[in-house]
Amino acid sequence: MSMDFGAPADDPKVFRNICRDRILKDLLKPDKDKETKSSWKVLIMDKFTVKIMAYACKMAEITDAGISLVEDLFKRREPMPSMDAIYFLQPLKENVIMLLSDMSGRCPLYRKAYIFFSSPIPKELVTYIKNDSSVIPRIGALREMNLEFFAIDMQGFVTDHDMALNDLYGPSEQNSKKFNDTISTMATRIATTFASLKEFPCVRYRAPKGDGSTKTKFDMVPKWLATAVWDIVSKYKSTIPEFPQKETCELLIVDRPIDQIAPVIHEWTYDAMCHDLLEMDGNKYIYEVSKMDSEPEKKESLLEDHDPIWLELRHAHIADASERLYEKMNNFVAKNKAAQLSRDGGEVSTRDLQKIVQALPQYSEQVEKLTLHIEIAGKINRCIREYGLRDIGQLEQDLVFGDAGAKEVISILRSKQDMSPENKMRLLIIYAIVYPEKFEGDKGEKLMQLAKLPHDDMDVINCLSYLDGSNTKKSSRTGTFSLKFDAQKKKNAARTDKHDGEETWALSRFFPLIEELIEKLSKGELPLKEYPSMSEPSSAPQGATQTASSTARPAQNQPMSMRSRRTPTWAKSRNSDDSQSSDSSVLRHASGDFKRLGNRIFVFMVGGATRSELRTVHKLTMKMKREIVLGSSSIDDPPQFISKLKSIGSATKT
């Protein structure tokens, strides 16, 4: 007997699986027509390509592809003249110099070198390689992989520009070269996603707001990036075999200033709360495991797609995730007599779980994984209670939807003296976006004093209007660019309630603005004036009409969540179900080939995307039956975003 945790999709047509297959088939088996089962190779990479590989493949998959050893290009290596080597490198001069050092002369380190560059190699470096006559006969392949992005999710990637918000939106006079270099490298890495997928995108972008001299440099970022991406992918038509000659997908380039609420508002999904409330190192969670008659042992666990529980619950509301975890364990105990005998009675405790592992060693890995997530969910729920996040979260959402204002903000700042400085800052950021006039003159300073925040934290608030390029109320109200899709129903509101038939958990009214953008783009309703195209599409997007008709109907037969006494009363909304709770169902139950129903949609967020936006693309993929991929310069959690705002705000004063 086993526990039903669900399983990640293995569909080869899903975005990240395509990236993985390119590495396993095209890169690690370059001479597959000649090789035998006994042939083993050495894989040599630089620091950048190591990260690409780590996100795309598991070590076991690399080994299964015939790699016996993985080496660092810049570390001392033992000669293996009887073995072939695969080099996966960025096309940089220092990398080529090391490569030639390995393979030139009378005694090369390896028998033959199969060389793959992550992006197009400059002609001067090709010439540099050709000039070494001793190396040429030892090269088995010299190819451009066009694979220079990190597939962090089944439907998400980053370009590894963690400081893009500072480099592109900081004071322009201080970083002109860095600005241009960042745009250039980001465009190259975005373009390699389309080279890898052999997709030719119709490129659209958020149009600059200003006219002529009123345009700021960073207001032009989406347009300049779109132009650079378009130039590169257009060349692919003549340089990459079998690359499409007509548009096959859609790419929309936007930037962080269009929605500054999403990075700071409290998100109530399991994934977002893990990264918001727990001390995590990236996706690594460190915890202690109690041992019988010994000191607790520290362990690490990666909260990633290979963990089926994480895959199933990461986009679930925290209350729903907590319920499901206990239901899974109680179902397991109910069906297994040995587990029942190991319990102390009553509800399943951590001690009970340890006894179950001892009684049922064949299920130890499953039970330990479930124990881990029960512990994490418990810790998150304790944080919610201790920090008073229910009241804070309710006010945040009421502000966003125009149901609260100055009275409520002042009241909570006075009544919750123990609110953390970070939560006060996040609340005031949302307040400033919805009510910018409340921070004019010395009003902002008085609010800071009431919140007992340092004077320097006002830099963060000032930075909001700086990124917007304007101090007007109109531009600031929608956080901060007006999308003009629907007339605001209330005087001050950054969002309007969606009436699409979906039922949600409490504190889940909020949605990122890219949700509206994607829906409009899919229906062909995204205004060209506000989101121009680099060229007129050569044909209407496949599936657009079909998708539009399908999105007009609310989802049917959605599974209703079960309620138990464990569900916190605050989580029992208004109309709650789990229609948005599990993204694993998107990939496990969908037909897989979303292109039959409509071309892929790519959205790239310059300046850092959020976990709520990543959740949105999974949700809309399920809803529209059309694969949506989110790209960004980085994925930021609230503390990271606020830190970047502080940095920009401080720099604008100098």
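Above this text sits the structure in question.
Because the structure is predicted, anything quoted here is derived from the model rather than measured.

Basis of the calculations
- Residues numbered from 1 in each chain as written.
- Predicted model: local features only at pLDDT ≥ 70, side-chain atom pairs only at ≥ 80, totals over all residues.
- Heavy atoms only, no water.
- Axes fitted to C-alpha atoms, helices over the stretch in contact; angles between N-to-C directions.
- Helix = DSSP H or I, 4+ residues; strand = E, 2+ residues; numbered from the N terminus.
- Left-handed = near helix turned anticlockwise from the far one by under 90°.
- Contact = heavy atoms within 4.5 Å.
- Nonpolar A, V, L, I, M, F, W, Y, C, P; charged D, E, K, R; others polar.
- Buried < 20%, exposed > 50% of the residue type's maximum accessible area, 1.4 Å probe, protein only.
- Arc of directions from axis to C-beta.
- Polar contact = N/O pair within 3.5 Å; in protein donor to acceptor, adjacent residues only side chain to side chain.
- Pairing = 2+ DSSP bridges.
- Phe/Tyr/Trp six-rings, centres within 6.5 Å; stacked < 30°, edge-to-face > 60°.

### Points about the packing of helix H17 (residues 421-434) against helix H19 (residues 458-468)
Between two packed helices, the angle of one axis relative to the other and the distance separating the axes together describe the packing.
Argument step 1. Where H17 contacts H19, the axes come no closer than 10 Å and their chain directions differ by 30°. Every pair of crossing elements has a handedness; the one defined by H17 and H19 is right-handed. Contacts between H17 and H19 pair Met 425, Leu 428, Ile 429, Ala 432 and Ile 433 from the former with Val 460, Ile 461 and Leu 464 from the latter.
Argument step 2. Split into classes, the residues belonging to the contact of H17 with H19 amount to eight nonpolar, no polar and no charged.

### Thoughts on helix H2 (residues 47-56)
Argument step 1. Here H2 has its buried residues at Phe 48, Thr 49, Ile 52, Met 53 and Ala 56. Along the long axis of H2, the arc covered by the buried residues comes to 135°, so they all point the same way. Among the exposed residues of H2, those pointing more than 90 degrees away from its buried face are Lys 47 and Ala 54.
Argument step 2. Buried positions along H2 lie against helix H1 (15-27), strand E1 (41-45), helix H3 (59-64), strand E3 (84-89), strand E6 (150-153) and helix H7 (176-197).
Argument step 3. Where H2 starts, the residue carrying a side-chain oxygen 3.0 Å from the main-chain nitrogen of Phe 48 turns out to be Asp 46.

### A look at the sheet that holds E1
Argument step 1. The parallel open sheet is built from five strands, whose spatial order is E2-E1-E3-E4-E5. Because the sheet does not close on itself, it has two edges, and the strands there are strand E2 (67-72) and strand E5 (139-144). In this sheet, adjacent strand axes meet at a mean angle of 15° when their direction is disregarded.
Argument step 2. Contacting E3 and strand E4 (113-117), helix H4 (residues 93-103) crosses the sheet at an angle of about 175° to E3.

### A short note on the packing of aromatic side chains
Argument step 1. Evaluated as defined, the whole model comprises 17 aromatic pairs.
Argument step 2. With centroids separated by 5.9 Å and ring planes inclined at 45°, the aromatic side chains of Tyr 169 and Phe 218 adopt a geometry described as tilted. Of this pair, Tyr 169 sits in helix H6 (residues 164-169) while Phe 218 sits in the loop between strand E8 (201-205) and helix H8 (221-239), and the two are 49 residues apart along the sequence. Across this residue pair, the class does not change: Tyr 169 and Phe 218 are buried.
Argument step 3. For the ring pair Tyr 431 and Tyr 435, a centre distance of 5.5 Å and an interplane angle of 50° mean the geometry is tilted.

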